[in-house]
Amino acid sequence: RKAVLPAIVAVLIGSFGLSVYGSYHFASSNFYLLPTRAWELMMGSFLAAMPGHRSPARWATELVSWAGLAAIFAAIFLFDKDTRFPGLSALLPCAGTAMVIWANGCRITVSGRILGLKAVVFFGLISYSLYLWHWPVLVFSRYWHSTPFSPVQTFLLLVLSVLLATISWW
């Protein structure tokens, strides 16, 4: 038991180092292969294996939770096609997610309550199906439609993706 946390940290650091190196030298492999992505899973493992801690002050958990959400949203809005990902840039959304999870471990924060809303939970439940469906919907629709999509068409493709994701999740 004493070796679990150090082993998790060792895998986390080693995999992160590989990921940073791979983002410069083997971008495609870096994205798809487990050795360079394991550190992301190890962040969650680290949280799960951490020894019990005292309940931090409410203001501290609120601050950490909102900072975590800010990090996630920063990655969503600041990253673009030129961002080397994964690698160093993946630290922002992964650390943000870990912060939100940690902050909501002792008691639910305001942001935790927002993330617990039924609509948000629903999208969390279908997220993997949505991840799998959105790409074929976009790719095949481009075969039939050679010009850029209008905002209405884009919205309809999004609705179709959500509908297919919901059906396949059920």
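In the block above lies the structure referred to throughout.
Residues numbered from 1 in each chain as written. Predicted model: local features only at pLDDT ≥ 70, side-chain atom pairs only at ≥ 80, totals over all residues. Heavy atoms only, no water.

> Talk me through unusual backbone geometry; I want residue IDs and the actual numbers.
With the exception of glycine, the majority of residues adopt a negative phi angle, and the majority of peptide bonds are in the trans configuration. Geometrically, the link from Phe 85 to Pro 86 is a cis peptide bond, its omega value of -5° lying close to zero. Positionally, Pro 86 belongs in the loop between α4 (58–78) and α5 (91–103). (Helix = DSSP H or I, 4+ residues; strand = E, 2+ residues; numbered from the N terminus.)

> Before we move on, could you go through the packing of helix α1 (residues 4–25) against helix α3 (residues 38–49) and cite the residues and values that matter?
Where α1 contacts α3, the two axes come as close as 8 Å, and the packing angle between them is 155°. Taken together, the axes of α1 and α3 are roughly antiparallel relative to one another. Remark: the crossing between α1 and α3 carries left-handed chirality. Along its contact with α1, which presents Val 4, Leu 5, Ile 8, Val 9, Val 11, Leu 12, Ser 15, Phe 16 and Ser 19, the element α3 presents Ala 38, Trp 39, Met 42, Met 43, Ser 45, Phe 46 and Ala 49. Among the residues making up the contact of α1 with α3, the classes are represented as 13 nonpolar, 3 polar and no charged. (Axes fitted to C-alpha atoms, helices over the stretch in contact; angles between N-to-C directions. Parallel < 35°, antiparallel > 145°, perpendicular 65-115°, else oblique. Left-handed = near helix turned anticlockwise from the far one by under 90°. Contact = heavy atoms within 4.5 Å. Nonpolar A, V, L, I, M, F, W, Y, C, P; charged D, E, K, R; others polar.)

> Explain the packing of helix α7 (residues 118–144) against helix α8 (residues 151–169) residue by residue, including any values.
At their nearest, the axes of α7 and α8 sit 7 Å apart, and the two run at 125° to each other. Considering their axes alone, α7 and α8 lie oblique with respect to each other. The crossing of α7 and α8 is right-handed. Here Phe 122, Phe 123, Leu 125, Ile 126, Ser 129, Leu 130, Trp 133, His 134, Val 137, Leu 138 and Ser 141 of α7 lie close against α8, whose contacting residues are Leu 157, Leu 160, Ser 161, Val 162, Leu 164, Ala 165, Thr 166, Ser 168 and Trp 169. When the residues that make up the contact of α7 with α8 are grouped by side-chain class, the tally is 14 nonpolar, 6 polar and no charged.

> I'd like a rundown of the packing of aromatic side chains, residues and numbers included.
By the definition in use, this model includes 8 aromatic pairs. Judged by centre distance (4.9 Å) and plane angle (80°), the ring pair of Phe 31 and Tyr 32 falls under edge-to-face. Residue classification places Phe 31 among the partly exposed positions, given a relative accessible area of 35%. For Tyr 32, a relative accessible area of 63% corresponds to the exposed category. Taken together, a centroid distance of 6.1 Å and an interplanar angle of 45° make the contact between Phe 140 and Tyr 143 tilted. Taken together, the residues Phe 140 and Tyr 143, both in helix α7 and 3 residues apart, mark about one turn of the helix. Seen from the ring of Phe 31, Arg 37 lies directly overhead, with NZ or CZ sitting 5.0 Å from the centre. (Phe/Tyr/Trp six-rings, centres within 6.5 Å; stacked < 30°, edge-to-face > 60°. Buried < 20%, exposed > 50% of the residue type's maximum accessible area, 1.4 Å probe, protein only. Lys NZ or Arg CZ within 6 Å of the ring centre and 35° of its normal.)

> Describe the layout of surface pockets, naming the residues involved and giving the relevant values.
The method is simple in principle: a probe with the dimensions of a water molecule rolls over the atoms, and the space it marks as empty is what remains. When its volume is computed, the largest pocket comes out at roughly 500 Å³. Lining the largest pocket are Phe 31, Arg 37, Ile 76, Phe 85, Leu 115, Val 120, Val 121, Phe 123, Gly 124 and Tyr 131. The element best represented in the lining of the largest pocket is α7, accounting for 5 residues. Empty space within the second largest pocket amounts to approximately 300 Å³. Within the residue set of the lining of the second largest pocket, elements represented by two or more residues are α3 and α5. Partitioned by chemical class, the residues of the lining of the second largest pocket number 10 nonpolar, 2 polar and 2 charged. (1 Å grid on protein atoms, 1.4 Å probe; cavity = no way out; pocket = protein on both sides within 12 Å on 5 of 7 lines; lining within 4 Å. Points joined across faces, edges and corners; volume = space filled by probe spheres on them.)

> Explain the pattern of salt bridges residue by residue, including any values.
In the structure shown here, the tally under the stated rule is 3 salt bridges. Across the pair Arg 37 and Glu 40 runs a salt bridge, and its minimum N-O distance is 2.7 Å. The shortest N-O distance in the salt bridge between Asp 82 and Lys 81 comes to 3.7 Å. On the accessibility criterion, Lys 81 (76% relative accessible area) is exposed. (Salt bridge = Lys/Arg side-chain N within 4 Å of Asp/Glu carboxyl O.)

> Explain the side chain of Ser 23 residue by residue, including any values.
With respect to the helices and strands, the residue Ser 23 is situated in helix α1. Judged by its relative accessible area of 7%, Ser 23 is buried. For Ser 23, the residues in contact, after removing those within four places along its chain, are Asn 30, Arg 84, Pro 86 and Gly 87.

Treat this as a map of the structure, not an account of what it does.
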